[in-house]
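# Commentary on secondary and tertiary structure
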There are 4 protein chains.
Amino acid sequence: MKTPEEYIESLRDDREVYLDGKKIPDVTKFPRFKEAVEHLALSYKMAQDPDLRKYLVSTCPETGEEIAIFYRLPQNETDLLDRREAIYQVSRYGEGVIPFIKEIGTDAIFALRMIAPQVDRKHGTEYTQRIRRYHHYAQKNDLALAGAVTDPKGDRKLYPHEQENPDVYLRIVEKRKDGIIVKGAKTHITSSPLANELVVLPTRNMTAKDSDYAVAFAVPVNTPGITLIANPEHYSNDSFERPLSAKHPIVHAMIIFDEVFIPWERVFLCGEWEFAGPLVQNFATWHRFTGLCYKAPVAELMLGAAALIADYNGVARTSNVRNKLRELIIYLENIYTYSKIACYEYKKVEGIAMPNPLHCNIGKYLFADNYHLMLKYIQEITGGIGGTCPSANDYRNPILKDKLDHYLCGRAGVPTENRLRIVKLIRDLTATCESGVHMFGTIHGEGTLEAQRIMIMREFDITHCVELALRAANLR
Amino acid sequence: MKTPEEYIESLRDDREVYLDGKKIPDVTKFPRFKEAVEHLALSYKMAQDPDLRKYLVSTCPETGEEIAIFYRLPQNETDLLDRREAIYQVSRYGEGVIPFIKEIGTDAIFALRMIAPQVDRKHGTEYTQRIRRYHHYAQKNDLALAGAVTDPKGDRKLYPHEQENPDVYLRIVEKRKDGIIVKGAKTHITSSPLANELVVLPTRNMTAKDSDYAVAFAVPVNTPGITLIANPEHYSNDSFERPLSAKHPIVHAMIIFDEVFIPWERVFLCGEWEFAGPLVQNFATWHRFTGLCYKAPVAELMLGAAALIADYNGVARTSNVRNKLRELIIYLENIYTYSKIACYEYKKVEGIAMPNPLHCNIGKYLFADNYHLMLKYIQEITGGIGGTCPSANDYRNPILKDKLDHYLCGRAGVPTENRLRIVKLIRDLTATCESGVHMFGTIHGEGTLEAQRIMIMREFDITHCVELALRAANLR
Amino acid sequence: MKTPEEYIESLRDDREVYLDGKKIPDVTKFPRFKEAVEHLALSYKMAQDPDLRKYLVSTCPETGEEIAIFYRLPQNETDLLDRREAIYQVSRYGEGVIPFIKEIGTDAIFALRMIAPQVDRKHGTEYTQRIRRYHHYAQKNDLALAGAVTDPKGDRKLYPHEQENPDVYLRIVEKRKDGIIVKGAKTHITSSPLANELVVLPTRNMTAKDSDYAVAFAVPVNTPGITLIANPEHYSNDSFERPLSAKHPIVHAMIIFDEVFIPWERVFLCGEWEFAGPLVQNFATWHRFTGLCYKAPVAELMLGAAALIADYNGVARTSNVRNKLRELIIYLENIYTYSKIACYEYKKVEGIAMPNPLHCNIGKYLFADNYHLMLKYIQEITGGIGGTCPSANDYRNPILKDKLDHYLCGRAGVPTENRLRIVKLIRDLTATCESGVHMFGTIHGEGTLEAQRIMIMREFDITHCVELALRAANLR
Amino acid sequence: MKTPEEYIESLRDDREVYLDGKKIPDVTKFPRFKEAVEHLALSYKMAQDPDLRKYLVSTCPETGEEIAIFYRLPQNETDLLDRREAIYQVSRYGEGVIPFIKEIGTDAIFALRMIAPQVDRKHGTEYTQRIRRYHHYAQKNDLALAGAVTDPKGDRKLYPHEQENPDVYLRIVEKRKDGIIVKGAKTHITSSPLANELVVLPTRNMTAKDSDYAVAFAVPVNTPGITLIANPEHYSNDSFERPLSAKHPIVHAMIIFDEVFIPWERVFLCGEWEFAGPLVQNFATWHRFTGLCYKAPVAELMLGAAALIADYNGVARTSNVRNKLRELIIYLENIYTYSKIACYEYKKVEGIAMPNPLHCNIGKYLFADNYHLMLKYIQEITGGIGGTCPSANDYRNPILKDKLDHYLCGRAGVPTENRLRIVKLIRDLTATCESGVHMFGTIHGEGTLEAQRIMIMREFDITHCVELALRAANLR
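Please read all numbers here as calculations on a predicted model, not as lab measurements.

Criteria and thresholds
Residues numbered from 1 in each chain as written. Chains lettered and ligands numbered in written order. Predicted model: local features only at pLDDT ≥ 70, side-chain atom pairs only at ≥ 80, totals over all residues. Heavy atoms only, no water. Helix = DSSP H or I, 4+ residues; strand = E, 2+ residues; numbered from the N terminus. Rg over C-alpha atoms; globule rule 2.2 N^0.38 Å. Buried < 20%, exposed > 50% of the residue type's maximum accessible area, 1.4 Å probe, protein only. Contact = heavy atoms within 4.5 Å. Areas by Shrake-Rupley, 256 points an atom, 1.4 Å probe, with all protein chains shown as cover. Lys, Arg positive; Asp, Glu negative; His and termini not counted. Charge placed at Lys NZ, Arg CZ, Asp CG, Glu CD. Least-squares fit on C-alpha atoms with pLDDT ≥ 70 in both. Phe/Tyr/Trp six-rings, centres within 6.5 Å; stacked < 30°, edge-to-face > 60°. Pairing = 2+ DSSP bridges. Axes fitted to C-alpha atoms, helices over the stretch in contact; angles between N-to-C directions. Buried area = accessible area lost by both parts, 1.4 Å probe. Salt bridge = Lys/Arg side-chain N within 4 Å of Asp/Glu carboxyl O. Polar contact = N/O pair within 3.5 Å; in protein donor to acceptor, adjacent residues only side chain to side chain. Nonpolar A, V, L, I, M, F, W, Y, C, P; charged D, E, K, R; others polar. Expected span 1.5 Å × (residues − 1).

A count of helical and extended segments in chain A gives 17 helices and 14 strands. Taking 23 Å as the expected radius of gyration for a compact globule of 476 residues, we find that chain A reaches 24 Å, a close match to that expectation. Across its three principal directions, the C-alpha atoms of chain A cover 75 × 75 × 50 Å. Out of the 476 residues belonging to chain A, those deemed buried represent 69%. Within chain A, residue pairs in contact and separated by at least 24 positions form 76% of the contacts whose partners lie at least 6 positions apart. Surface summary for chain A: the accessible area is close to 14,600 Å², and the carbon and sulfur share equals 48%. Taking the average place of the 60 positive charges on the side chains of chain A and the average place of its 62 negative ones, the gap between the two points comes to 3 Å.

A few words now on the relation of the copies chain B and chain C. Between the two copies, chain B and chain C, the superposition gives an RMSD of 0.0 Å; the rotation angle is 180 degrees and the shift along the axis is 0.0 Å. Given the turn and translation reported, the copies of this chain are related as if by a two-fold rotation axis.

Now for the packing of aromatic side chains. All told, the structure shown has 39 aromatic pairs over all chains when counted by the stated rule. The interplanar angle of 20 degrees and the centroid separation of 4.8 Å between the aromatic rings of tyrosine 7 of chain B and tyrosine 44 of chain B together place this pair among those described as stacked. Remark: tyrosine 44 of chain B occurs in helix 2 (residues 34-48) and tyrosine 7 of chain B occurs in helix 1 (residues 4-9); sequence separation between them is 37 residues. Ring plane angle 45 degrees and centroid distance 5.9 Å describe the contact between tyrosine 134 of chain D and phenylalanine 268 of chain D, whose orientation is recorded as tilted. Residue tyrosine 134 of chain D is found in helix 6 (residues 127-140), and its partner phenylalanine 268 of chain D is found in strand 12 (residues 267-270); the two are separated by 134 residues along the sequence. The same class applies to tyrosine 134 of chain D as to phenylalanine 268 of chain D, namely buried.

Let us look at the sheet that holds strand 2 (residues 22-24) of chain B. Read from one edge of the open sheet, 6 strands run 2-1-10-11-7-6 (chain B), paired in mixed fashion. The sheet is open, and its two borders are formed by strand 2 and strand 6 (171-175) of chain B, each paired with just one other strand. Sheet twist, expressed as the average angle between the axes of neighbouring strands with direction ignored, equals 25 degrees. By the bridge criterion, 4 bridges tie strand 6 of chain B to strand 7 (residues 179-186) of chain B in an arrangement that is antiparallel. Each bridged residue has a counterpart across the sheet, and for isoleucine 172 of chain B the counterpart in strand 7 of chain B is valine 182 of chain B. Helix 13 (residues 398-407) of chain C rests against strand 1 (17-19), strand 7, strand 10 (226-231) and strand 11 (252-263) of chain B of the sheet, and its axis sits at about 90 degrees to strand 11 of chain B.

Each side of the interface is counted separately: chain B has 82 residues, and chain C has 81 residues. Each partner contributes to the roughly 6,700 Å² buried at the junction of chain B and chain C, and carbon and sulfur atoms together form 59% of this total. Per-residue buried area on chain B facing chain C is highest for Lys376, Tyr407 and Phe440 of chain B; these three make up 12% of the total on that side. Where chain B packs against chain C, one counts 6 salt bridges. Counting across the chain B and chain C interface gives 32 residue pairs in polar contact (both at pLDDT 80 or more). Take the side of chain B that touches chain C: its biggest share by element is 7 residues, from helix 15 (residues 433-444) of chain B. Tallied by class, the residues present in the side of chain B that touches chain C amount to 31 nonpolar, 31 polar and 20 charged.

Below, the discussion takes up the interface of chain C and chain D. Each side of the interface is counted separately: chain C has 59 residues, and chain D has 59 residues. For the pair chain C and chain D, the summed buried surface comes to about 5,200 Å²; carbon and sulfur atoms form 68% of the total. Area buried by chain C at its contact with chain D is led by Arg326, Met457 and Leu468 of chain C, which between them contribute 12% of it. The interface formed by chain C and chain D contains 4 salt bridges. One salt bridge in this structure joins arginine 471 of chain C and glutamate 95 of chain D, with 3.9 Å as the shortest N-O distance. Counting every contact that joins chain C to chain D gives 21 residue pairs in polar contact (both at pLDDT 80 or more). Listing elements by their share of the side of chain C that touches chain D, those giving two or more residues are helix 4 (77-93), helix 7 (276-313), helix 8 (319-344), helix 9 (357-369), helix 14 (416-430), helix 16 (449-459) and helix 17 (463-472) of chain C. With 16 residues, the single largest contributor to the side of chain C that touches chain D is helix 8 of chain C. Residues that form the side of chain C that touches chain D fall into these classes: 37 nonpolar, 9 polar and 13 charged.

It is worth spelling out the relation of the copies chain C and chain D at this point. Each copy of the sequence occupies a distinct position, and chain C is placed on chain D by a rotation of 180 degrees and an axial shift of 0.0 Å, giving an RMSD of 0.0 Å. A shared interface surface links the copies, since 100% of the contact residues of chain C are contact residues in chain D too.

Residue and element names in this part refer to chain A. With respect to topology, 6 strands assemble into an open sheet ordered 2-1-10-11-7-6, the strand pairing being mixed. The open sheet has two edge strands with one neighbour each: strand 2 (22-24) and strand 6 (171-175). With strand direction ignored, the average angle separating the axes of adjacent strands in the sheet is 25 degrees. Note: strand 10 (residues 226-231) against strand 11 (residues 252-263), 6 bridges, orientation antiparallel.

Before going further, it helps to spend a moment on the environment of phenylalanine 367 of chain C. Residue and element names in this part refer to chain C. Here phenylalanine 367 shows up in helix 9. The spatial distance from the C-alpha of phenylalanine 367 to the C-alpha of leucine 332 is 8.2 Å, given a sequence separation of 35 residues. Aside from chain neighbours lying at most four places away, what touches phenylalanine 367 is Gly291, Leu292, Lys295, Tyr331, Ile335, Thr442 and Glu446.

The next subject is helix 9 (residues 357-369) of chain D. Residue and element names in this part refer to chain D. Taking 1.5 Å per residue, 13 residues should reach 18 Å; helix 9 reaches 18 Å between its end C-alpha atoms and fits that length. Extensive coverage of helix 9 is indicated by the burial of 13 of its 13 residues. Sitting at the amino-terminal end of helix 9 is asparagine 356, which places a side-chain oxygen 3.0 Å from the backbone nitrogen of leucine 358.

Keep in mind these numbers describe shape, not what the thing actually does.
In structure tokens form, the structure reads like this:
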């Protein structure tokens, strides 16, 4: 398995990454990427820690090699609970901002491994072998792997083939003897500027007329024709002012595929349009499970910070505050509970234990749909100081520091600095640019709220409920 | 184990039961109790059913006897999952109205078995033996057992000893050589007019000054001095008009203890006030778990009925309706999920596997707190006919029947009668007197919403969340 | 203007009314209608009261006659505020259950008076004169007038002409020299069994193919071919047990028109399908305004009862209770405020001051959409006794009365009887069959929630908002 | 009345303002204040605009002079509606970010003018004359006037005199012949670094022991001993990237009073502790009314931006989107409606027409309590691009611009740039640092949610509701 240093070195490969309008020569040396690189290296660093490696290291049930646990194809409930724990622990290690480096890529690989046998049986293709080989290659090299799924979509009401601009969904523009040429873009691709490879999937169900859009493949980030437009700018590295985002910036990118060549052994779907929907649904389940696992520390942080500021403000025992803390507890327990029950009640598909799709969708829906309400609760507990707190630099000015220490104290016994640091944490968690990204990310990451709404309806079998109602109404 | 006939026969014991102001000579012969008796006998009937007895019959881990599963003291996760399944299946057998006959009584017994060793260790008492003997006696005789916990409470802000009227909490008025004399009342005691015995517990935490109120015991329903004021009147036995409540009336009673003698071997707490709080908390956990298990079929019925009327009205595919069905699914899944996770993450106390208190409280809170919203969704889907639907007798009048069949049809292909029966079911489920009782029962049964709010705060250990926040704020 | 006695006498006209499957010979003598007749006579009684008649008596701006205020065609803000006050005061006089006797009928007349000139201008018809003459006739005779709008609807997704059964919307089956023959049914027609005449309108927008369904007219209730199936049965006349519904039962009916003849002078729309939609929208605005006015005392009663039981239980000052009372206050103030602003910002159409449609729709939506939540709050404050309270007859039994007085007391100083009466009131208000009718009525009365959702979108002009956004985004 | 230039010149007075730890020599020349100065000058600029001055110019009913309308002491409903319109129009002029320059200061003056006669009658003081003179002075000089009310508060559960640190509420430390010396701080003081004077009020009710804290006065910003710590830093002046905050930054400050001398003629309360509560309640009513007026354009902007992005994304007609737009409409209409009804139902106190306190509190509560939910709706409609949209500088790079135009298009016919600008607007409105300030400001500005909760309970007279319930329960 790779060391953090090896991981960082592996990123020096002439990839084409832009930031805020300028091309970055080397992502590992670029000042505004420094904290992001360190943040993403955390996952590799944690695997070297004697106390923590137990969470991150496993063996491959197919090859017997020691591998990063994220690459382990789950066979049963225990494997899923272990994957859950690994994602949870990495997210706690990142203080609630998970260093996404293999989770999403393996979500995509697992989805492909589940669908490939079905495509092969119908079409006589050989995707099962290909994706298995790719899976083993990636785990052997302990790759930093991003999953690239969301297309820009143009007019959201139209199928790919109905769009005025044919490129708003990524598509095959040419099939050659040695591979295919693809064109298009993928948006919001987490960690991609600092990943080794991308696993690319279609983003929606399709019709026969969309078959050029039914394409899945893996590709190194530095492949010619791939341009990444990274964002956001890293707003601050002052870890007093922005305790969370200064240390743990998240990096997304829009990725443009400008007629990129993909050799056949890296192609995992190519025109079999009827499998585009099932493939992305499988991915969605894996990815929402990942979402459920890594969001628990986010909610823990929200609850912990709210409890601390309530205490510092002297109001921890008021009914108004306790009601809000209780809602934060229920919010957190919903995340815990649905991620666990999704393991206990897993589904076996093509020999792979997949977390229960209904539970993953409900769990993800509950945390996303209630997120803004929880922010409101935290902000109400914090007080107006969350909006107008003097800056870290004000506090560093000795003249002002004395005044601030004197006037911005909380209940007796709490150092003013502690109170300010928690206020800054809450600000960064709920009300700065990076928390704004989280607001959108919570609603749209791992699929929109509407995507879960649809899946919940689809996955729930209503038969036993209807039967009971008919019986009660004396119609059975 | 008893047959339904033996159970019914066992109720002919000169108990003192009033209904709507009149004394009932024999509860088994009284016309307005007929359906209630049949409903409560269902649990005994189901245990005789070759296909269903597997859910209801078990063995005692202490005596090895065959017993009703409700009496089985849980040792592990499997026992709890089995108890969960038994309560769920009985509730489905009662079409969403559980025939409560041993569940609550054993909730009380288990709570006593958990607390007795602790009292004995501190006070040198012998409650452990007593409650064990009583438990074995009850299971051997397959008793119909009610749990009696809630006192009338008077001024809700005051402790028992602070009340102007000393009798608003049940209390010991005399200790004699052979036993104690108790006085007071218990309210809302489910199934009690048709139970064999009552297990009586205190309803709240207490102070040293309340020690006369810290009393627990078991007593046959026909003991001299016990008066039951049953309710509600059984509103209708027309199972077209009231499909649910005509077949499955629920029976509660207020029970008055007018200086009732309890022999020492039936006394399980007697003045050890500091254990009143822990005892009722244990009971609350068991009982909220029971609540979670039996409410699942209620929610199934709500969802099934809503889906059917949506279909009959021709609107099953509209976004407005689907949004509501989805919320009903999440509501149901919350019930399923929290009742299961409470088993998987049980707590071992005095050798007994208790369902996880935090999960029981959150699960119960979610179904109670969202119940009215779900009623609203069902009623919105149903249409105004839920309020003004012609009566079953209108439909039985041949002149009117033709008109109603003609005008009250739904989408093509659905017999009008089916639509009317589902409308009547929804009415009975959401908008009649018995559903009104359920509205109150959902909010206050198994403890008030506020009781769960308090328990959720108490049971959740916030330490790991606070630590994470301190770390993120650079204060660790 | 009529006296209550004259009103009652006017109902003895051989109308064909069924109740619970049986034909009623004379509605004024029928025991189970006694309280309903008395309730509906309240409006006439109040107009005789020297202190209250100021609210109910006005003059006709067209004829100068003294008339019931409900018949006064509003010319300006003051007229609307007066109509608002009249409906509000009648509803308070009925203790929150409005004796609907002219309100809905005049809602229909006003809608017709607004649309008739438009139809006449396009089609050269003479509806303006006809409806004006009918209006003057009705006010001169101080008629009890019901509005009949809602059709049974069959498959809710289809237009009238698309239905398998052509009669699920009321339609013209024949046009004759002297009038038309109509067939069909209207459902949920409030007070109709005890009204003198019905004003009948179409219930939805229509297409050219639906022209037979575009029909509006007025007709006496006792016209041959009209059958009323009244409901619900009157559940109790024990005003201790059911303080509200025993005194103030509401009466609805399904009305069947079995080839009923309507003379031309009573026909106000006949095939002009493009006006069916605007007509029903006008009616909806008037009727939702009526809804806003009469619901205020309902919400007052809810709030008052909740405040009383909180006080009686000793918990009036707890934060948990105060939060709920505050929500009830906001709920009530929304009703007050939207009904007033709808007057202040009225719209003038064809010389008639119509309450602002946007405000009427939002106000009605807010009270209907939040109603169940308010019920939950009241029930939570009340306690479990709302579900299991002993009956009035229990309390009348002297043996039980002593016990109940002793054990069901509240805080010191409150007579137990007072507490029981308020519990019974809350039960009747939130959890009995008649309150169930109110639950459906609140959601579906004056149009479904979905109807308001659509109207709110339609009535709000978004232009100034879009312009502001474009300007802020530097696109203007 | 002042020109914008005169206003800016008036700020060059050696005031002591810090920003991000550094002292600012001249606020009018400081680069990071440039946009803030321009923004606040808008109010003066608008008064010069021939088309718009009608909203902003009025006459003094006491002196007959032409004055800024904000200074006009309302006498009746029309004056209040005019003040409402003025605040609304200025807020629209600032594109939803009101340039607060006289509104809050006059809120404070009006509160003082209402309370002064009451203090004078009880204590024989001469505050009525003093505040009247100060009011006339301020309006004559068309002063930019901030209101300073909120203290830092220390332990929120304690009264001022109970605090460990006596300075966490501003207090009188010395009374001299010529005036008083005050010490303490005020936080979140909107526009204060760019105001001419401050009107300072106590922030809460007090006891006799807090009399040193019962102090109100006016003071120029550049008075010796006053230090302002301004915030926040102005994050960006790129009006593509941050369309709203680049043009309209808001400026708050924490203000420290380090033994500041106030001459007697500027002192308006000095120890009369029993009036501190009523004074701040009056201020709260005025200020929440101001809040209601200026928030309408904020909600207009939210709705307009949401409608535009829905259209650009091609989803304007989906039920999911329409449901959310409808909620935004209701949100906006609540603001409009409560601000108007507060004028129509004003209260007359000491000859001054005060907006209705109940309506002001409910209206403010509704917009603050629902704000986060509205943000969620807007963000859900927008899509993930709100979180990960490429930067303005990316779009300015010609290479990237072509790609972005190609891939980030919306529905056919919408220029990509328009879509990006609206996305950036939504981002700035809901998810950047300044919108974070607005989140806190919405909840805590004009008083916390809890403050409104308390006021709503206090202002609503429940008598008529309780009477109705007693009557319905046959207890009257």
